Amino acid sequence: WKGQEGTPYSTLVPSDVTINYRHGLPVITLMLPTRSERCRFTVKPMVTTVGAFLQEVQREDKGIERVEVFATDGSKVSDATLMEVLLMNDFKLVINNAAYTVLPPVKDKLSSEHATEMEDIKSLVHRLFVALHLEDHQLRKERELLQKVDHLKEELLPLEQMKARIMDSADVKTSRLLWVGLALMSTQGGALAWLTWWVYSWDIMEPVTYFITYGSAMAFYAYFVLTKQDYIYPDAKDRQFLHYFYQKSKTQHFNVERYNKLKEDLAEAEESLRRLRQPLHLRLPVQEINEKE
């Protein structure tokens, strides 16, 4: 068999280089040329590269001047290739002037019983890891939530002060409007009484009061058509309060959406902190905390 440059190599039998699997890892056994003894090399196929394996072979036997790996078609295998890829097919291992034919064995598939046992072991290891690192994780998470709460409160402080001023202004305007409505109704009642007993008779004023009542009913119906709500005094007061609040917020450049978002984030962070601190004191597993990404 010849390499890429046409140099002939003496081909040894496949048994001179053997590969067996122990504990899930491939063990490559080969004869060191100058030491005349067999040596085993355990590799991690998912991590070890071909170049790292060849360097390990050269370190084991200082008399090795040349060690390379070729595919069965004669093409050289790159040193950056993972051993996992190399062990999928047959290959040639060249040490000095000797070429070894290597036939990697096919790994038997794990039985369902063994696979279940492995899953149980993985689950046990995971639970042990959580038990050992749970408190540190909880304390670290608590510090993060505390910092988040403090940061949100700092952002909310000026907004809360501005909101309080706007709410006071809107409350004053709403109360003033209610008193104006009471004054108008009192004036209307007094005017109707004066017209009924001092200027005209009831026979003349009765149609007037009827149309005033009918007009009031039309006004209430128009309120329902526009707002899709019944004209209930507390609801009407709250609606007028919100109207004045948003009107004042616009003039004062108060961002209501940003304020609401910060309040929601603060409530969520405080709730997460409360749920986290409960198992901290009781030494129980942490409940799942939902976070927004």
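For every chain, the first residue of the written sequence is number 1, and numbering continues from 1 onward in sequence order. For this predicted model, a pLDDT threshold of at least 70 governs which residues receive local features, and a threshold of 80 or more governs which side-chain atom pairs are given and counted, while totals over whole chains, interfaces and linings are taken from all residues. The side-chain figures draw on all heavy atoms in the structure; neither hydrogens nor water molecules are used.

## Overview of the UniProt feature "transmembrane region" (unreviewed entry) in the protein
The line we're drawing: UniProt positions are given in the numbering used here, feature names are shortened, and annotations may be inferred rather than shown by experiment. Elements are defined by DSSP. Helices are runs of H or I of four residues or more, strands are runs of E of two residues or more, and each kind is numbered from the N terminus.
Annotation from UniProt places "transmembrane region" (unreviewed entry) at residues 177-196 and 208-226. Taken end to end, residues 177-196 is 100% helix and 0% strand, and its first and last C-alpha atoms sit 28 Å apart.

## As for the nonpolar core
Test applied: Among buried residues, those of type Ala, Val, Leu, Ile, Met, Phe, Trp, Tyr and Cys that are joined through side-chain atoms within 4.5 Å constitute a nonpolar core. Buried, partly exposed and exposed residues are distinguished by accessible area as a fraction of the type maximum, computed with a 1.4 Å probe on protein chains only: under 20%, between the cut-offs, and over 50%, respectively. Here a residue-residue contact requires only that any non-hydrogen atoms of the pair lie within 4.5 Å.
By size, the foremost hydrophobic cluster in this structure holds 25 residues, and its most contacted members are Leu30, Phe53, Val69, Phe91 and Leu93. With sequence-adjacent residues up to four places away left out, Leu30 is seen in contact with Asp16, Val17, Glu37, Arg38, Cys39, Phe41, Phe53, Leu93 and Ile95. Counting 15 residues, the second largest nonpolar core, distinct from the first, contains Leu152, Ile166, Phe241 and Leu262.

## Brief notes about the pairing of strand 4 (residues 37-42)
The side chains of a regular strand alternate between both faces of the sheet. This is how the line gets drawn: If DSSP finds at least two bridges between two strands, the strands pair.
Direction of pairing for strand 3 (residues 25-32) relative to strand 4: antiparallel, over a ladder of 6 bridges. By the bridge assignment, Thr29 is partnered in strand 4 with Arg40. Here strand 3 hands over to strand 4 after 4 residues, with Ser36 in that stretch at a positive phi of 55°.

## Details of the packing of aromatic side chains
To keep it simple, the criterion reads: Note on ring pairs: Phe, Tyr and Trp rings are taken, using the six-membered ring of Trp, and paired if centres are within 6.5 Å. Classes follow the plane angle, with under 30 degrees stacked, over 60 edge-to-face and the rest tilted.
Throughout the structure, instances matching the rule amount to 6 aromatic pairs. When the centroid spacing of 6.0 Å and the interplanar angle of 85° are considered together, the rings of Phe41 and Phe53 count as edge-to-face. Of the two residues, Phe41 is situated in strand 4 and Phe53 in helix 1 (residues 50-60); the sequence distance between them amounts to 12 residues. Each member of the pair, Phe41 as well as Phe53, carries the same accessibility label: buried.

## Structural notes on helix 5 (residues 233-252)
Test applied: Expected span, for any helix, means 1.5 Å times one less than how many residues it has.
Under the 1.5 Å per step criterion, the end-to-end length of helix 5 is 28 Å for 20 residues, consistent within 8% with the ideal 28 Å. Within helix 5, burial applies to Ala236, Phe241, Tyr244, Phe245 and Ser249. His253 sits one or two positions beyond helix 5 and adopts a positive phi of about 60°.

## Focus on the sheet that holds strand 4
Note the cut-off: Simply put, an axis is a line fit to the C-alpha atoms, just over the touching stretch for a helix, and the angle between two N-to-C directions goes from 0 to 180 degrees.
The strand order across the open sheet built from 3 strands is 2-3-4, with neighbouring strands paired in antiparallel fashion. Looking at which strands have only one partner, the edges of the open sheet turn out to be strand 2 (17-22) and strand 4. Pairwise comparison of adjacent strand axes, ignoring direction, gives a mean angle of 25° for this sheet. Judged from the 6 bridges that link them, strand 2 and strand 3 form a sheet pairing that is antiparallel.

## Observations regarding helix 4 (residues 202-227)
Compared with the 38 Å implied by 1.5 Å per residue over 26 residues, the 37 Å span of helix 4 between its first and last C-alpha is a close match. Of the residues making up helix 4, those classed as buried are Met205, Thr209, Tyr223 and Thr227. Positive phi shows up at Lys228, right after helix 4, with a value of about 60°.

## A few points about the pattern of salt bridges
Which entries qualify depends on this criterion: Within this document, salt bridges are pairs made up of a side-chain nitrogen of Lys or Arg and a carboxyl oxygen of Asp or Glu, the two lying within 4 Å of each other.
Within this structure, the stated rule accounts for 6 salt bridges. We note a salt bridge from Arg66 to Glu68, for which the minimum N-O separation is 2.9 Å. Of the residues examined, Arg66 reaches a relative accessible area of 29% and is grouped as partly exposed. Classification of Glu68 as buried rests on a relative accessible area of 13%. Arg274 is the partner of Glu271 in a salt bridge, and the nearest nitrogen-oxygen pair spans 2.6 Å. Of the two residues, Glu271 and Arg274 both sit in helix 6 (residues 256-282), 3 residues apart, roughly one turn of that helix. Glu271 gets classed as partly exposed once you look at its relative accessible area, which sits at 37%. By relative accessible area, which is 48% here, Arg274 ends up partly exposed. Among the charged side chains, a network of salt bridges with common partners joins Arg66, Glu68 and Lys76.

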